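A structural walkthrough
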Amino acid sequence: MRSTEEIVQSLRDALARVGVVLPSLGVDPVTGASDEPFALVDLGRCNVRTAEHLTDVLRSLPAGETRRAGCWWPRWPCSPPTSRW
C-alpha cells in the first residue's frame, strides 16, 4: 500500500495534468500523526478561479467517471471501515 504522502503527490500530479493547483493540498496533520491506518488528505483552500476550473474539469468527465469521486474509502466499491469512522 502506498503512503499517504505518495497518494497526495499522485493527486497533486494528476491535478496538475489538467491545470489545477491546490496550494494547500497535503496530509492532514492531526490524522497523519495519529495511529489511524489512513490519514485524511487535506484538500485545503483555493481561490474562486481554481474552484471554477476544478468544477469545469470534473464536469467534463463522463458521468461514470465522476461516480467514484464520492467514494471516501480507498476500496471500490465503497465500503466504510468498521472502526469509529
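Given the structure is predicted, the values throughout are model-derived calculations rather than measurements. (Residues numbered from 1 in each chain as written. Predicted model: local features only at pLDDT ≥ 70, side-chain atom pairs only at ≥ 80, totals over all residues. Heavy atoms only, no water.)

**Examining the overall build of the protein chain**
- Assigned secondary structure in the protein chain consists of four helices and two strands.
- Each of the 85 residues in the protein chain was classed as buried or not, and the buried ones make up 19%.
- Nonlocal contacts in the protein chain, meaning residues at least 24 apart in sequence, comprise 36% of its contacts between residues at least 6 apart.
- With the model as given, the accessible surface of the protein chain reaches about 6,700 Å², and the carbon-plus-sulfur share is 55%. (Helix = DSSP H or I, 4+ residues; strand = E, 2+ residues; numbered from the N terminus. Buried < 20%, exposed > 50% of the residue type's maximum accessible area, 1.4 Å probe, protein only. Contact = heavy atoms within 4.5 Å. Areas by Shrake-Rupley, 256 points an atom, 1.4 Å probe, with all protein chains shown as cover.)

**Things to note about the side chain of T31**
- The residue T31 is located in helix α2 (residues 29–32) in this model.
- A polar contact of 2.8 Å, which involves the side chain of T31, links it to the backbone nitrogen of L40.
- Beyond its immediate stretch of four places on either side in the chain, T31 contacts A39 and L40. (Polar contact = N/O pair within 3.5 Å; in protein donor to acceptor, adjacent residues only side chain to side chain.)

**Regarding the confidence of the model for the protein chain**
- With 74% of its residues at a pLDDT of at least 70, the protein chain reaches an overall mean of 79.
- Residue range residues 72–85 is modelled with pLDDT below 50. Its contacts to residues more than four positions away, or to other chains, number 17 contacts. (pLDDT = per-residue confidence, 0-100.)

**Observations concerning the environment of V27**
- Within the element layout of this structure, V27 appears in strand β1 (residues 26–27).
- Separated by 22 residues in sequence, V27 and E5 place their C-alpha atoms 6.7 Å apart.
- In this structure, V27 is in contact with T4, E5, V8, G32, A39 and L40, ignoring residues within four places of it in sequence.

**Thoughts on the nonpolar core**
- One finds V8, L15, V20, L22, L25 and V57 forming the largest nonpolar core, which totals six residues.
- When near neighbours in sequence (up to four residues on either side) are disregarded, V8 contacts L25, G26, V27 and V41. (Core = buried A, V, L, I, M, F, W, Y, C linked by side-chain atoms within 4.5 Å.)

**Description of helix α1 (residues 4–17)**
- The first and last C-alpha atoms of α1 sit 20 Å apart over 14 residues, in line with the 20 Å expected at 1.5 Å per residue.
- Along α1, the residues classified as buried are T4, V8 and L15. Taken around the axis of α1, the buried residues stretch over an arc of 40 degrees, which confines them to a single face.
- The elements touched by buried residues of α1 are β1, β2 (41–42) and α3 (48–59).
- The first or second residue beyond α1 is G19, which carries a positive phi of 80 degrees. (Expected span 1.5 Å × (residues − 1). Arc of directions from axis to C-beta.)

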